[in-house]
Amino acid sequence: LLPAVDGTRCLPIALDNCAGSWVEAPGAGDDRVVLYLHGGGFLCGGMRSHRRLVSRISQQAQAPVLMVDYRMLPQFSIADAVADGVDAYRRLLDAGYRPEQIVVAGDSAGGYLSFAVPLALRELDLPAPGAIVALSPLTELDPARKLGHTNAERCALLHGNALSGLAGVSRRRDARSGLDGFGRLCPVDADLTDMPPTLIQVGSDELLLVDAELMAERLTAAGSACELQVWDRQIHVFQAAADVLPESVRAIEEIGRFVRAIVPGA
């Protein structure tokens, strides 16, 4: 139901602990590449649900995309998903891409990973990517701040109970793995100095507006470049509706503009 845009080449990729897909829209070159981490609350979603959105991003960024079908809750932890993103990044380096040519991107839970993966790379003494693109990102697993915001009653797609449930599932899975919980995992609480240039897009009426604004504020306070775009009255990950919403088309064009400016061609 959500095929890639016409002319897109999609090839399966086997990563160390999960599958992936190489998505290359017409006009994609080899000057840059996007590593994409899909949304779905760490519980659902995948290459089929996001292929069309990713192919549009490939088209506008004029770059191929490695989409990661990372391991998910409840069988695996969020830390496992981060590790899968790191493995995919290593695969791109092994393929000959320089770190500054790689853009790490994702939506919702994948937006969380788009920050968590570069932070993990730092811990592993691996070079940082050239840029980050986060669409309606979840940046803090603790739902308290979001549930206290007026958008908790306004968001058309996410309900506060879903966030509370996700936090509980994640906490229980981390406990079984001997992990510490929210503070250790959440990008918004990390040291954000020297993070790559970042574009964050979010809808003004969605529940994760709080997370997007807080992440942008903390990135800026840490001296890291961040462009925050708040799209008026748009829903969670509205970019996926580009077949029917002109705002979605323009937002994806903005993603392409940002990626091409930060990671220019030869």
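Preceding block: the structure.
Residues numbered from 1 in each chain as written. Predicted model: local features only at pLDDT ≥ 70, side-chain atom pairs only at ≥ 80, totals over all residues. Heavy atoms only, no water.

(A) Summary view of the packing of helix H1 (residues 47–61) against helix H8 (residues 246–262). H8 packs onto H1 with a crossing angle of 45° between their chain directions and a minimal axis gap of 8 Å. Judged by the inter-axis angle, H1 sits oblique to H8. In the crossing of H1 with H8, the sense of the turn from one axis to the other is right-handed. Where H1 approaches H8, its residues Leu53, Arg56, Ile57, Gln60 and Ala61 are matched on the opposing element by Ile252, Glu253, Ile255, Gly256, Val259 and Arg260. (Axes fitted to C-alpha atoms, helices over the stretch in contact; angles between N-to-C directions. Helix = DSSP H or I, 4+ residues; strand = E, 2+ residues; numbered from the N terminus. Parallel < 35°, antiparallel > 145°, perpendicular 65-115°, else oblique. Left-handed = near helix turned anticlockwise from the far one by under 90°. Contact = heavy atoms within 4.5 Å.)

(B) Highlighting the side chain of Ser55. Tracing the backbone through its elements, the reader meets Ser55 in helix H1. A polar atom in the side chain of Ser55 sits 3.0 Å from the backbone nitrogen of Val5. (Polar contact = N/O pair within 3.5 Å; in protein donor to acceptor, adjacent residues only side chain to side chain.)

(C) Structural context of the pattern of salt bridges. Applying the stated rule across the entire model yields eleven salt bridges. Ionic pairing is found between Asp189 and Arg218, a salt bridge with its closest N-O pair at 3.1 Å. Of the two residues, Asp189 is situated in the loop between helix H6 (182–185) and strand S7 (198–203) and Arg218 in helix H7 (residues 209–221); the sequence distance between them amounts to 29 residues. With a relative accessible area of 28%, Arg218 lands in the partly exposed category. A salt bridge links Arg257 to Glu227; its shortest N-O distance comes to 3.0 Å. Here Arg257 is found in helix H8, whereas its partner Glu227 is found in strand S8 (residues 226–231), with 30 residues between them in sequence. (Salt bridge = Lys/Arg side-chain N within 4 Å of Asp/Glu carboxyl O. Buried < 20%, exposed > 50% of the residue type's maximum accessible area, 1.4 Å probe, protein only.)

(D) Representation of the environment of Val169 in the model. Note that Val169 resides in helix H5 (residues 160–177). The spatial distance from the C-alpha of Val169 to the C-alpha of Cys18 is 21 Å, given a sequence separation of 151 residues. When sequence neighbours within four positions are dropped, the list of residues in contact with Val169 reads Leu73 and Pro74.

The values reported here are purely geometric and, on their own, carry no functional implication.
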